[in-house]
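A closer look at the structure
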Amino acid sequence: MSLLQEEREIILSNEYVDNFDFAEVAEFVTNASKDLFISHHFNRKNKMLVQPRGGFPTYKKQFALNEFFVHANVDVLPLTIDSNTRLNDYATAKKMLRLSEENDVDMLNGYPLVNHGYRTTRKMITHFNKPVSLRHGTPDARLLIETAIASGIFEIEGGPITYLLPYSKNFPLDKAFLYWKYVERVCANYSKLNEPINRESFGPLTATLVPPAITIVIQLLEMLLSLEEGVKSFSVSFSQTGSMNQDIVMGAVIKKLAKFYAEQINCSDAAIHLVYHQWMGAFPTNKDYAEQLINMSTVIASMVGADKIITKTREEASGIPTKEANAKTVANTQYTLGILNGLPNIVDEEEEEMLTLQVKAIMEAVFNDPADTLWRKVFNSIKNGVIDVPFSPHIINHNNMITIRDAKKNIRIIKRGNVPIPDRCYAYEKAQCDLTKDTTSIVNDIIHDIGIMQ
Amino acid sequence: MKVVTGVVGNDIHVVANRLIELSLHARGYEVFNLGVNTYLEEFFDAVVETGADVLMISSLNGEAEGWSREVKLLKSKYKNLDDLIMMIGGNLVVGSANAEDIIPKYKNYGFDIVCHQVDLNTGLDLLETFISDRKANDTNMKDRDIKESTE
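Residues numbered from 1 in each chain as written. Chains lettered and ligands numbered in written order. Predicted model: local features only at pLDDT ≥ 70, side-chain atom pairs only at ≥ 80, totals over all residues.

Now for the nonpolar core. Core analysis: the biggest nonpolar cluster contains 162 residues, and A:I149, A:V217, A:L220 and B:L55 have the highest contact counts within it. Sorting elements by how many residues they give to this core places helix α11 (residues 212-227) of chain A first, with 11 residues. In terms of nonpolar packing, the next biggest core, distinct from the first, is built from 6 residues, A:M280, A:F283, A:A290 and A:L293 among them. (Core = buried A, V, L, I, M, F, W, Y, C linked by C-beta atoms within 7 Å. Buried ≥ 20, exposed ≤ 12 C-beta atoms within 10 Å, placed from the backbone. Helix = DSSP H or I, 4+ residues; strand = E, 2+ residues; numbered from the N terminus.)

Structure, rendered in structure tokens:
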């Protein structure tokens with residue numbers, strides 16, 4: 001028995017799990033409709049794909065949500081997983097699912113996929129015959145991904161860094177790398193049967209003043225970790241920064257560098273896509289303003305040249321959105337995309353050069369770590385602060401990098417910590433900001449900068 | 001002065017926590033930041049370990065109310081914490097309530113300074129006032145002691 005198969009059996013020996021029939025699952029994937037594969041839609045590249053977020057505990061409510069989305073002309077359906085499942089607490093998820101079913105009140109903030117099982121969920125997914133994207137936040141997603149693919153979900157979001165550093169205080173990072181390695185292998189294996197399974201990294205991270213260089217480095221590293229296991233379709237992503245120019249520069253640089261680094265490991269046959277998240281920071285409570293913000297995000301996504309956009313709703317500030325509000329955003333976003341024609345081509349060479357230099361310097365420092373495998377190099381780089389994510393709650397993160405917005409609202413690094421930002425770039429970043437202020441005023445600026453859209 | 005700070009309970013909201021750390025540093029405190037998702041025992045252990053003068057607990061999701069009920073009992077199990085300045089701030093209830101109702105409640109739980117939805121720097125100013133008042137008081141007491149003993 002292969003090590004992968006042995007690991008698979010350990011994961012499945014769990015009382016909450018479906019009785020897996022892997023031969024049947026393989027047959028299902030082999031014969032599955034091409035329409036279920038987002039990688040297939042990406043290849044046809046007619047337009048930017050629109051995907052909302054959303055997950056309800058019961059099958060019935062999830063089904064109803066999907067119906068609303070389909071009526072709103074959705075391109076990609078989401079399946080957002082509840083927080084108990086994300087922490088592998090299937091017993092609590094089961095209990096809360098039963099309470100939700102019996103009382104018509106939602107006791108979970110998402111769909112408990114493992115408890116529903118793949119046989120049930122597959123019925124819903126094949127019924128709508130749209131690609132589904134799995135949205136979760138799970139450090140150990142091995143069982144979840146087995147269940148998802150068996151259900152017909154052929155896009156898997158997440159990664160060992162992007163699903164850990166923003167969400168957890170002390171889940172061991174080295175374990176997360178190994179669990180995700182399993183996920184990549186499973187995705188790679190199923191990709192051989194039909195169209196490739198698409199993997200997507202979660203670029204927004206903490207969505208709080210993360211500088212473009214850090215976002216891009218983490219996107220590239222998760223991409224490389226995935227491609228080296230054999231994944232053939234991968235989406236890098238980022239969220240609206242607050243400066244249109246910075247978004248456009250980031251889009252240009254991440255596209256160029258993703259291609260460059262994929263070639264470096266002889267994976268240029270893999271398809272790389274770009275996903276743009278509508279504003280992920282604090283939202284205005286005024287729902288009309290929220291809609292304006294969402295609309296602006298859509299325009300920027302077009303300027304960036306994203307292959308897919310992930311939407312927010314007018315109810316973002318007030319909790320989990322209703323299916324009506326959620327579907328409304330999808331329809332509005334499709335409308336905006338339809339009327340956005342003749343976009344200008346904006347290139348800011350100086351900003352692109354500065355950002356490229358920063359990313360390459362950090363990537364080089366990661367590759368120069370003496371560890372033997374890429375995941376260990378990345379692990380060490382986070383541990384020693386070569387990669388530092390502002391506002392990560394995780395104990396391994398250094399938190400020595402400080403960023404603020406300049407007059408044009410670009411996110412700038414004013415304290416680099418251990419991150420090897422080249423001196424020239426560091427001087428450039430700081431030159432854009434007013435650094436004569438004392439720390440108290442800088443803290444007030446940061447508070448203001450975080451809430452700029454409110 | 002040494003300050004132990006962190007976010008109580010299963011609350012993972014980290015932004016203000018980082019800003020509190022930065023601001024305390026800027027005001028010259030020595031900061032021991034336990035970060036988010038910190039339990040009461042961890043706070044008191046850290047106070048003992050570092051010899052902190054101030055314990056500054058924060059809460060965003062309002063869990064603090066549940067945890068704070070245990071503060072007095074737990075603190076009484078530790079020795080030599082009588083002089084510790086206890087401060088709490090953030091959103092101190094789940095849902096909404098008036099500061100006039102909340103502050104006496106938390107004072108009763110054992111906190112010296114209670115900041116419900118108070119701006120960060122205003123809260124830190126309150127701490128400074130509290131510290132200087134206490135110093136003045138101590139000096140007065142000492143003066144009186146000296147006076148009494150010389151009389």
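Residue and element names in this part refer to chain A. Read from one edge of the open sheet, 8 strands run β1-β8-β7-β6-β5-β4-β3-β2, paired in parallel fashion. Edge strands, defined here as strands with exactly one partner in the open sheet, are β1 (49-51) and β2 (77-80). Averaged over all pairs of adjacent strands, the angle between strand axes in this sheet comes to 25°, irrespective of strand direction. Across 3 bridges, β1 lies against strand β8 (residues 308-310) in parallel orientation. Bridging from a neighbouring strand, Q51 pairs with I310 of β8. Against the sheet, α11 touches β5 (198-200), β6 (233-239) and β7 (271-277), its axis set at about 165° to β6. With respect to the sheet, helix α12 (residues 244-264) is in contact with β6 and β7, its orientation differing from that of β7 by roughly 155°. (Pairing = 2+ DSSP bridges. Axes fitted to C-alpha atoms, helices over the stretch in contact; angles between N-to-C directions. Contact = placed C-beta atoms within 7 Å.)

Here the focus is the interface of chain A and chain B. When the parts of a complex come together, some accessible area is lost, and that lost area is often taken as the interface size. Listed by partner, the interface residues are 13 residues for chain A and 12 residues for chain B. By residue class, the composition of the side of chain A that touches chain B is 7 nonpolar, 4 polar and 2 charged. (Nonpolar A, V, L, I, M, F, W, Y, C, P; charged D, E, K, R; others polar.)

Before going further, it helps to spend a moment on the pairing of strand β3 (residues 54-59) of chain B. Residues and elements named next belong to chain B. Buried residues dominate β3, accounting for 6 of its 6 residues. The side-chain alternation of β3 yields two buried faces, one formed by V54, M56 and S58 and the other by L55, I57 and S59. Strand direction decides the pairing type here: strand β1 (residues 2-7) and β3, joined by 5 bridges, are parallel. Counterpart to T5 in the pairing with β3 is M56.

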